[in-house]
Amino acid sequence: MTVNRRKKPASVNPMKIGQSLGAVLALQGCYRAMPLIHGSQGCSAFPKALLTRHFREPIAVQTSALQEMDVIFDANRNLEEALNLVLSKHRPDIIGIIGTELTDVAGVDYQNMLKSYKRERNLRGGLAFSVVLPDFRGSLESGFSSTVEAMIDEMIQQVGHRGQRSVNARQITLLPGSFLTPADVMELKEIISSFGFEVIALPDISTSLSGHLLTGFSPLTRGGVPLDSMLQSLQSGLTIAVGGSMERPARRLHNAIGTPYKVFEGAMGLKATDELLHFLHQISGEPVPLRYCWQRENLLDGMLDAHFQFAGMSVVAALEPDHLHSVSGWLEELGVEQKALITSFETPLIAGMKREVWVGDLDDAEVLGKGADLWISNSHGIAGAQRTGAAFMPAGFPVWNELGAYMSVSVGYRGAMEWSNKAGNLFMQREAGSRESSVRHR
Amino acid sequence: MDPLRQDEFDSQACGSIAPKAKPCPRPKPGEAVGGCSFDGAQITLLPIMDAAHLVHGPIACAGNSWESRGTLSSGPSLSQYGFATDLTDSDIIFGGEKKLKDSIDYIAGRFAPPAIFVYSTCVTALTGEDMDAVCKEAADRIGIPVIPVNSPGFVGSKNLGNRLAGDALLQYVIGTGEPEPETDLGVNLIGEYNIAGEMWDIEKLMNSAGIAVTSRITGDARYKEITWAHRARVNMVVCSRALLGLAKEMESRYGIPYFEGSFYGAKETTYSLRQMAYLMNDREMERRVDRLTEREEARLGQELRPYRKLLRGKRAVLYTGGVKSWSVISALKELGVQVVGVGTNKSTEDDVRRIADRVGDDTEYIPEGGASRIIKTVRERKADIMIAGGRNMYVAMKEQIPFIDINQERHKAYAGYEGLLRLAKELTYSLANPIWKLAASPAPWDKEAPPYDR
């Protein structure tokens, strides 16, 4: 309905995260990839530390390590040096060059540089692309989707345009949004494949950031979708995008090679999951697998059990745009009051929401969500939730105060149940706490 | 505001006041690890808990970095707020100075901090904003110190950032205030950031020996106490690489003697306490320190006995920066743990000399990063455990190597006598955990053939 902003000059307790971090995240979902951030050392060190903290996994990322004089004279010399080293030392299959605010303000043309680098070195067989992601626009979400788009662009360039496509109608390309956890991506893959489809997730963090000990440590990513599967995905009969931000990459595939697409704004909660399963049922002609029918019953029963806890409660949520949209839909189904919804930047999906949304930071969540019983945001929100006396439910990125956050499921009936129980439990604990303190006072 | 003293600052490459033989080397593109100068400046100044810390630049510099340190506060928490001017496209084009000014006013009006530190970032440095002028003007207008910290990421490494932050303290903070009359003057602790509350263990020890802490620079510090740091009688430099220059400059300006010391390990702790008392030139205090350290060491010896038995002969690879590279070696040696590999990439030449004093000839020096290089050392030297920072923690986990976190994100305090006991316990728990055996044995159906190739 309306997108608002509170008037204040500074960002206080930001929830917004640089776009380049989203790009690094996207590349973690590709096998043997190396994101290369074109900026100063900190531009890669901070995202690396933050992603490591959230996923509790080593994160593959490198930097062109720009210093003042490099920026003034020739930033691309550093990039070339970095490329040489990374290519000879690690031999990645995929390399993504991520431009930062620094290269953007300095006006560095690394895109053309990459082109001529590839031509001169006769670079073939791998995927090398660049993407411009200054952080004075967008946030994690836009960085992620822009990177997927750039990746798809490069794939199409390499394989060539329409004409050579032999469409495989039983194969679906899944474009999962940045707000989905590795377990969410896994769940979506399972749901879609249970209707008899082959699924290629692009990118696929479910096999790289979900934790495994199979291959030991590698400086490159140790899981995710391999390059040949990525190229194979161009033959898919359909693209399914989850999250409004993934519509653009889906449209890119459609425009370039004609793959039809379907965008699901989210897959959280009863209605959203119904919609997804119904769609899959229709296009496959297969019945909805029994386990999802059963899970649906579980969810409804669980929501009935929990509705006593949710009655009269209010929630403040501060999340990235797509995520906020999903979570808001789920809250709607629980019948709780949505005291304030805050997001990091404006997107078409957010602008089209029926509810009032604020673009801002966690300080706005504190002010606008005053009196809310539950606070949903990344771990930076803990202090704010404490100050306002709300129960704290970590979600989004980064979450560091909880083990296994990256493996929590939010999509499908299972995810809705997991979240409903989590939130309900927090309310129960809070209630118990306040009862105890009232006894003591007497 | 005006620099309070317009002294000459040296124009050495790394901004260090004390010339160093090896100035900060250029980071290698494609292989650089670790943070930038902006990161380093924050590390040094964020522990001033009651001040506001405003990052002037686009969002990522603040958005990706706030609340990432394990530095603890015993009171105010304003420094844990993330403040950023969050520049947008149009701010870049039309200039962000107005926004900076408004942000400073806003923070001062709403939070009333004793001081505001303003950090420049690559972008604002590149667009040539006159941050110093904005800060000076703002300080005059609102009547609290507004301190520009000129340490954008692209000037160099994290260490350089530490030093530039030290310069900012010298130029704008130290010497601008006077201690309250009843303050007992003693030692400044420089470069101790109260990670996991280590500072509190140290302070407790110092208090037992009757040694007062004048200023904490900067673990769990309050702005005011740093303004009177120039009245201290001794400076102890806990993290030498970062702020040695600060101590040297304070010696020449204010005649405060300094020494470099550490609190990792019982011997180092005892030495540091003795040095303090010695430099204070107080015989009575020296006797008190002797009594205290004897008592503490004896008690510690008792408590350590069961752990020493388990740890004797164990081999460790240590990969950390600066002062910890040698001081932790001492601590480990006291526990009977042999250091078979040690990282030196963030160490000064002095540090390397100190490392050499403490380890045998068969210890491998790991000059520069790369997780693969550390793992190689662990394997080749048959180490039992890896001791490093959080960034390498999950690298070790992937290789199923027992690990202890020694850097700034950790949650355990290892300083002082108590800290050594804690370290011994952590090492023992880590090595004895059943997971190592479980992870190393294959699934029953994979027993015949190895499930994967390495």
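Participant: Give me the lowdown on the overall build of chain B, citing residues and values where you can.
Facilitator: Across its full length, chain B holds 18 helices and 13 strands. In terms of C-alpha radius of gyration, chain B reaches 23 Å, essentially the compact-globule figure of 22 Å for 454 residues. Over its C-alpha atoms, taken along the principal directions, chain B stretches across nearly 75 × 60 × 40 Å. The buried share of chain B, taken over its 454 residues, is 61%.

Participant: So, the sheet that holds strand S1 (residues 3–5) of chain A: which residues are in play, and what are the values?
Facilitator: Residues and elements named next belong to chain A. Taken in spatial order, the 6 strands make up an open sheet running S1-S13-S12-S11-S14-S15, and their pairing is parallel. Among the strands making up the open sheet, the edge pair consists of S1 and strand S15 (391–394). Within the sheet, the average angular offset between the axes of one strand and its neighbour, ignoring direction, is 25 degrees. In terms of strand pairing, strand S14 (residues 374–377) meets S15 through 4 bridges, oriented parallel.

Participant: So what about the environment of Lys189 of chain A? Which residues, and what values?
Facilitator: Residue and element names in this part refer to chain A. Position of Lys189 among the secondary structure elements: in helix H8 (residues 182–193). The buried category is assigned to Lys189, whose relative accessible area is 16%. Sequence spacing of Lys189 and Ile200 is 11 residues, and the spatial spacing of their C-alpha atoms is 8.1 Å. The contacts of Lys189, once residues within four sequence positions are left out, are Leu174, Val199, Ala201, Asp204, Ser206 and Thr207.

Participant: Talk me through the pairing of strand S9 (residues 236–242) of chain A; I want residue IDs and the actual numbers.
Facilitator: All names here are of chain A. The buried fraction of S9 amounts to 7 of the 7 residues, a majority that puts the element mostly inside the structure. In the sheet, strand S7 (residues 168–176) pairs with S9 via 6 bridges, with the strands oriented parallel. Within S9, the residue paired with Leu174 across the bridge is Ile240. Remark: the S9/helix H10 (residues 247–257)/strand S10 (residues 261–264) crossover connection has right-handed handedness.

Participant: How would you sum up the interface of chain B and chain A? Please name residues and give values.
Facilitator: Taken together, the contact between chain B and chain A spans 61 residues of the former and 62 residues of the latter. Carbon and sulfur atoms supply 60% of the area buried between chain B and chain A, which totals about 5,300 Å² over both sides. Inspection of the chain B/chain A interface yields 6 salt bridges. Linking chain B to chain A there are 20 residue pairs in polar contact (both at pLDDT 80 or more). Listed by contribution, the elements that provide at least two residues to the side of chain B that touches chain A are helix H1 (37–45), helix H2 (59–63), strand S2 (83–84), helix H3 (89–94), helix H4 (97–111), helix H5 (122–126), helix H15 (371–380) and helix H16 (390–398) of chain B. Tallied by class, the residues present in the side of chain B that touches chain A amount to 30 nonpolar, 18 polar and 13 charged. Alignment of strand S2 (residues 11–12) of chain A against S2 of chain B, held across 2 bridges, turns out to be antiparallel. Within S2 of chain B, the residue paired with Val12 of chain A across the bridge is Phe83 of chain B.

Participant: Please provide a residue-by-residue account of the pattern of salt bridges, values included.
Facilitator: Taken as a whole, this structure holds 55 salt bridges over all chains when the rule is applied. Taking the shortest distance from any N to any O, the salt bridge between Glu247 of chain A and Arg251 of chain A comes out at 3.9 Å. Here Glu247 of chain A pairs with Arg251 of chain A, and both are found in helix H10, just 4 residues apart, close to one helical turn. Among the residues examined, Arg251 of chain A registers a relative accessible area of 35% and is labelled partly exposed. Note that Asp373 of chain A is salt-bridged to Arg430 of chain A, the shortest N-O span being 3.1 Å. Remark: Arg430 of chain A occurs in helix H17 (residues 412–441) and Asp373 of chain A occurs in the loop between helix H15 (362–368) and S14; sequence separation between them is 57 residues. By relative accessible area, Arg430 of chain A is classed as partly exposed at 31%. Several salt bridges share partner residues, and in doing so they unite Arg6, Lys8, Asp361, Asp363 and Asp364 of chain A together with Arg110 of chain B into one network.

Participant: Describe H8 of chain A, with residues and values.
Facilitator: All names here are of chain A. The first and last C-alpha atoms of H8 sit 17 Å apart over 12 residues, in line with the 16 Å expected at 1.5 Å per residue. Burial analysis of H8 places 9 of its 12 residues in the buried class, which makes it a mostly covered element. Among all positions of H8, only Pro182, Ala183, Asp184, Val185, Glu187, Leu188, Lys189, Ile191 and Ile192 are buried.

Participant: So, the sheet that holds S9 of chain A: which residues are in play, and what are the values?
Facilitator: Residues and elements named next belong to chain A. Strand order in the open sheet formed by 4 strands is S8-S7-S9-S10, with parallel pairing between adjacent strands. Only two strands of the sheet have a single neighbouring strand rather than two, namely strand S8 (198–201) and S10. Mean inter-strand twist for the sheet, computed between neighbouring axes without regard to direction, equals 25 degrees. Direction of pairing for S9 relative to S10: parallel, over a ladder of 4 bridges. Bridged to Ile240 within S10 is Lys262.

Participant: Describe the nonpolar core, naming the residues involved and giving the relevant values.
Facilitator: One finds Ile94, Met230, Ile240, Leu280, Trp330, Leu374 and Ile376 of chain A to be the most contacted residues of the largest nonpolar core, which totals 104 residues. Of the residues forming this core, the biggest block, 8 residues, is contributed by helix H7 (residues 140–159) of chain A. With residues up to four places along the chain from it excluded, the contact list for Ile94 of chain A reads Leu27, Cys30, Tyr31, Arg32, Ala33, Met34, Leu127, Phe129, Leu227 and Met230 of chain A. In this structure, Leu332, Ile385, Tyr414 and Leu420 of chain B belong to the second largest nonpolar core, which totals 52 residues.

Participant: Please set out the pairing of S14 of chain A residue by residue, giving values where relevant.
Facilitator: Successive residues of a regular strand alternate their side chains across the two faces of the sheet. Residue and element names in this part refer to chain A. Taking every second residue as pointing to the same face, both faces of S14 are buried, with Leu374 and Ile376 on one and Trp375 and Ser377 on the other. Note: strand S11 (residues 314–318) against S14, 3 bridges, orientation parallel. Of the residues in S14, the one forming a bridge with Ala317 is Ile376. A crossover links S14 with its parallel partner S15, the connecting element being helix H16 (residues 382–388), and its sense is right-handed.

Participant: Report on the packing of aromatic side chains, specifying residues and quantitative values.
Facilitator: Throughout the structure, instances matching the rule amount to 11 aromatic pairs over all chains. Taking 5.5 Å as the distance between ring centres and 70 degrees as the angle between the ring planes, the aromatic pair formed by Phe264 of chain A and Phe279 of chain A counts as edge-to-face. Pair noted here: Phe264 of chain A is in strand S10 and Phe279 of chain A is in helix H11 (residues 270–284), with a separation of 15 residues, a long-range link. Residues Phe264 of chain A and Phe279 of chain A agree in their burial class; the two are buried. With a centroid separation of 6.2 Å and 90 degrees between ring planes, the pair formed by Phe38 of chain B and Tyr119 of chain B is classed as edge-to-face. Highlighted residues: Phe38 of chain B in helix H1 and Tyr119 of chain B in strand S3 (residues 116–120), separated in sequence by 81 residues. An aromatic cluster of at least three residues, connected via ring pairs, comprises Phe46 of chain A together with Phe38 and Tyr119 of chain B. Its guanidinium or amino end placed over the ring of Trp400 of chain A, Arg53 of chain A lies 3.9 Å from that ring's centre, counting from NZ or CZ. In this arrangement the basic side chain of Arg170 of chain A is found over the ring face of Phe197 of chain A, its NZ or CZ atom lying 4.7 Å from the centre.

Participant: Describe the side chain of Lys118 of chain A, and please don't skip the residues or the numbers.
Facilitator: Residues and elements named next belong to chain A. Here Lys118 is to be found in helix H6 (residues 110–121). A polar side-chain atom of Lys118 sits 2.7 Å from the main-chain carbonyl oxygen of Ala128. Residues contacting Lys118, with those up to four places away along its chain left out, are Leu123, Ala128 and Glu154.

Participant: Go over the confidence of the model for chain B with me, naming the residues and quoting the values.
Facilitator: Residues and elements named next belong to chain B. Across chain B, pLDDT averages 89, with 91% of residues at or above 70. Segment residues 1–22: pLDDT under 50, and 50 contacts once partners within four positions in sequence are set aside and those in other chains are kept. Under the prediction, the complex receives an ipTM of 0.94, its pTM being 0.94.

Participant: Kindly report on the packing of H1 of chain B against helix H7 (residues 158–172) of chain B, identifying the contributing residues and their values.
Facilitator: Residues and elements named next belong to chain B. Running from N to C, H1 and H7 point in directions that differ by 50 degrees, and their axes come no closer than 6 Å. The angle between H1 and H7 falls in the class oblique. For the pair H1 and H7, the sense of crossing is right-handed. Across the interface between the two elements, Ser37, Asp39, Gly40, Ala41, Ile43, Thr44 and Leu45 from H1 touch Lys158, Leu160, Gly161, Asn162, Ala165 and Leu169 from H7. Counted by class, the contact of H1 with H7 contains 6 nonpolar, 5 polar and 2 charged residues.

Participant: If you had to explain the packing of helix H1 (residues 19–28) of chain A against helix H2 (residues 41–55) of chain A to someone new, which residues and values would you point to?
Facilitator: Residue and element names in this part refer to chain A. Taken N-terminus to C-terminus, the directions of H1 and H2 make an angle of 55 degrees; their axes are 10 Å apart at the nearest point. It follows from the interaxial angle that H1 and H2 lie oblique. In the crossing of H1 with H2, the sense of the turn from one axis to the other is right-handed. Two secondary-structure elements touch here, H1 through Leu21, Val24 and Leu25 and H2 through Pro47, Leu50, Leu51 and Phe55. Grouping the constituent residues of the contact of H1 with H2 by class yields 7 nonpolar, no polar and no charged.

What counts and how
- Residues numbered from 1 in each chain as written.
- Chains lettered and ligands numbered in written order.
- Predicted model: local features only at pLDDT ≥ 70, side-chain atom pairs only at ≥ 80, totals over all residues.
- Heavy atoms only, no water.
- Helix = DSSP H or I, 4+ residues; strand = E, 2+ residues; numbered from the N terminus.
- Rg over C-alpha atoms; globule rule 2.2 N^0.38 Å.
- Buried < 20%, exposed > 50% of the residue type's maximum accessible area, 1.4 Å probe, protein only.
- Pairing = 2+ DSSP bridges.
- Axes fitted to C-alpha atoms, helices over the stretch in contact; angles between N-to-C directions.
- Contact = heavy atoms within 4.5 Å.
- Right-handed = clockwise from strand over helix to strand, strands pointing away.
- Buried area = accessible area lost by both parts, 1.4 Å probe.
- Salt bridge = Lys/Arg side-chain N within 4 Å of Asp/Glu carboxyl O.
- Polar contact = N/O pair within 3.5 Å; in protein donor to acceptor, adjacent residues only side chain to side chain.
- Nonpolar A, V, L, I, M, F, W, Y, C, P; charged D, E, K, R; others polar.
- Expected span 1.5 Å × (residues − 1).
- Core = buried A, V, L, I, M, F, W, Y, C linked by side-chain atoms within 4.5 Å.
- Phe/Tyr/Trp six-rings, centres within 6.5 Å; stacked < 30°, edge-to-face > 60°.
- Lys NZ or Arg CZ within 6 Å of the ring centre and 35° of its normal.
- pLDDT = per-residue confidence, 0-100.
- Parallel < 35°, antiparallel > 145°, perpendicular 65-115°, else oblique.
- Left-handed = near helix turned anticlockwise from the far one by under 90°.

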